[in-house]
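Chain residues, written in single-letter form:
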Amino acid sequence: AAALAQIAAAGQVFVSRGDDSGTHKKERALWQASGAQPEGQWYREAGQGMGKVLQIAGEMDAYTLTDRGTWLAYQSKLDITLLYQDDPPLFNPYGIIAVNPERFPDLNHQGAEALMDWMTSPEGQKIIGDFRIEGAPLFIPDA
């Protein structure tokens, strides 16, 4: 939030996904925490996916907020620099849940339970934690 407040105060260009995605929702929460209003000439909503937003930010020498997976996939392809990470307010955890078998009786609830058990098992968590893109972890297991 402090970094976003500095960007806004300086009028530096910030490129937003502007698409109501999970990353965009996280960005909006951070703007609210910053006390700054994301509006005006310096704030640009692209309405595009994350890869395209990273490209636009690179072309405009602008700031943006990105997810880890897209960053790892694009970092070697663009002339951009990661400036800030690993702050708990940036965390955007994923979860796994099964749908209600009473509401959706035709789905494979037993298979969903087996998948959830495996994903949260020590073996599943190790595989998730060991998965790397260009040497960096994609996900941080926390089951």
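These lines cover the structure that appears in this document, whether it is placed above or below. Predicted model, so just to flag it, every value in this text is computed and none were measured.

1. Focus: the nonpolar core
1) Next: Counting 12 residues, the largest nonpolar core consists of V15, M50, V53, L54, I56, A57, A62, W71, L72, I80, A136 and L138.
2) Next: Contributions of two or more residues to this core are made by α3 (50–60) and α4 (68–74).
3) Next: At five residues, α3 tops the list of elements feeding residues into this core.
4) Next: Core analysis: the second largest hydrophobic core is formed by 10 residues, F14, A36, W42 and L65 among them.

2. Side note on a nonpolar patch on the surface
1) Next: Judged by side-chain polarity, I96, L115, W118 and I127 come together as a nonpolar surface patch covering roughly 340 Å² of accessible area.
2) Next: By secondary structure assignment, the location of W118 is in helix α5 (residues 109–119).
3) Next: The class of W118 is partly exposed, set by a relative accessible area of 33%.

What counts and what doesn't
Residues numbered from 1 in each chain as written. Predicted model: local features only at pLDDT ≥ 70, side-chain atom pairs only at ≥ 80, totals over all residues. Heavy atoms only, no water. Core = buried A, V, L, I, M, F, W, Y, C linked by side-chain atoms within 4.5 Å. Buried < 20%, exposed > 50% of the residue type's maximum accessible area, 1.4 Å probe, protein only. Helix = DSSP H or I, 4+ residues; strand = E, 2+ residues; numbered from the N terminus. Patch = residues over 30% accessible without salt bridge, like charges linked within 9 Å, V, L, I, M, F, W, Y side chains within 5 Å. Areas by Shrake-Rupley, 256 points an atom, 1.4 Å probe, with all protein chains shown as cover. Salt bridge = Lys/Arg side-chain N within 4 Å of Asp/Glu carboxyl O.

As far as function goes, none of this settles anything; it's purely spatial.
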